[in-house]
Amino acid sequence: MAFTELPLFQALKSKMQWHQTRQSVLAENIANSDTPGYMSRDVKSYSFEDHVGMHNGGVAPAITKAGHIGGGISTTGKVKAEERESFEITPSGNSVNLEEQMMKITQNQMDFQAATSLYTKGLGLIRTALSRSA
C-alpha cells in the first residue's frame, strides 16, 4: 500500500479536489457578474461524513439490535454546484455580489493552502519515521 492511499491522505486529497472545484465555480460567478439574470452558484459544503462514505473501506456503524438506526452513508462522491439565493439582486436580475464572491475565493484559497500544508507535513512525518527506522 502506498502512503498516499492511507485514509488521512485520501481525505486531504478529496478536500483539496473539493476546493479546486469550488474555486472554478466561484470564478464562473465572477466571470458572469455582468450577465443579466445569472444566479450565483456554490458547491455543497464538504463534510467528513460524506468523505467516509465515498471509500470502500469507509467506517460504518454496526447494527447490533433491531431498534438501532441503520448505518452507512451513501454518496456519489461527486461535487455539484447549486444556485444560492442572495439578498442582493441587481436591476438586470443578476445575483452576483463581487465583494461576497471575492471573500469566498479568499477563504477557499486559505483552506486549500491549509489542506496542502497538512498533506505535505504528513508525508514529511512519514519520511522522517522511515529514515530513522532504517
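Just so it is clear, the structure is predicted and the values come from calculations on it, not from any experiment.

Trainee: So what exactly am I meant to see when it comes to the overall build of the chain here?
Mentor: On a plain count of helices and strands, the chain comes out with three helices and two strands. Listing each helix as α and each strand as β along the chain from the N terminus yields α-β-α-β-α. Within the span of the chain, comprising 134 residues, buried residues form 25% of the whole. Considering only contacts within the chain whose residues lie at least 6 apart along the sequence, 72% involve residues at least 24 apart. For the chain, the accessible area works out to roughly 9300 Å², and carbon and sulfur atoms hold 58% of it.

Trainee: What should I look at first to understand helix α1 (residues 7-31) in this one?
Mentor: An α-helical turn contains 3.6 residues, so any two residues separated by three or four positions project in the same direction. Between its first and last C-alpha, α1 extends 36 Å over 25 residues, near the 36 Å set by a 1.5 Å rise per residue. For α1, the complete set of buried residues consists of F9, A11, L12, S14, M16, W18, H19, R22, V25, L26 and N29.

Trainee: So what exactly am I meant to see when it comes to the pattern of salt bridges here?
Mentor: Side chains that differ in sign of charge can pair as their charged atoms come close. Throughout the structure, instances matching the rule amount to four salt bridges. A salt bridge links R22 to D42, with the shortest nitrogen-to-oxygen separation between them at 2.8 Å. Here D42 lies in strand β1 (residues 41-43) and R22 lies in helix α1, a separation of 20 residues in the sequence. Considered together, R22 and D42 belong to a single accessibility category, that of buried residues. A single network of salt bridges, built from pairs that share partners, joins R22, D42, E100 and K104.

Trainee: Sorry, what's going on with the environment of S33 here?
Mentor: Here S33 shows up in the loop between α1 and β1. The buried category is assigned to S33, whose relative accessible area is 17%. As for S33 and N97, which are separated by 64 residues in sequence, their C-alpha atoms are 7.6 Å apart. Those residues in contact with S33 that sit more than four places away from it in its chain are N94, V96 and L98.

Trainee: Mind showing me how you'd approach the nonpolar core here?
Mentor: The nonpolar side chains of soluble globular proteins are, as a tendency, buried together. Core analysis: the biggest nonpolar cluster contains seven residues, these being F9, L12, M16, A115, Y119, L123 and I126. Where this core is concerned, the elements lending two or more residues are α1 and α3 (98-133). In terms of residue count, α3 provides more of this core than any other element does, four residues in total. If near-sequence neighbours (up to four positions away) are discounted, F9 is found in contact with F3, T4, Y119, G122, L123 and I126.

Trainee: Explanation requested: the packing of aromatic side chains in the structure shown.
Mentor: The relation between two aromatic rings is expressed through the spacing of the ring centres and the mutual angle of the planes. This structure, assessed with the given rule, holds two aromatic pairs. Between the aromatic rings of F9 and Y119, the centroid separation amounts to 5.2 Å while the plane-to-plane angle is 80°, which identifies the pairing as edge-to-face. One end of the pair, F9, is in helix α1; the other, Y119, is in helix α3, and 110 residues separate them in sequence. There is no split in this pair, since F9 and Y119 are both buried. Centroid distance W18 to Y46: 6.2 Å. Interplanar angle 55°. Geometry classified as tilted. Of this pair, W18 sits in helix α1 while Y46 sits in the loop between β1 and α2 (48-54), placing them 28 residues apart in sequence.

Each value, and the rule that gives it
Residues numbered from 1 in each chain as written. Predicted model: local features only at pLDDT ≥ 70, side-chain atom pairs only at ≥ 80, totals over all residues. Heavy atoms only, no water. Helix = DSSP H or I, 4+ residues; strand = E, 2+ residues; numbered from the N terminus. Buried < 20%, exposed > 50% of the residue type's maximum accessible area, 1.4 Å probe, protein only. Contact = heavy atoms within 4.5 Å. Areas by Shrake-Rupley, 256 points an atom, 1.4 Å probe, with all protein chains shown as cover. Expected span 1.5 Å × (residues − 1). Salt bridge = Lys/Arg side-chain N within 4 Å of Asp/Glu carboxyl O. Core = buried A, V, L, I, M, F, W, Y, C linked by side-chain atoms within 4.5 Å. Phe/Tyr/Trp six-rings, centres within 6.5 Å; stacked < 30°, edge-to-face > 60°.

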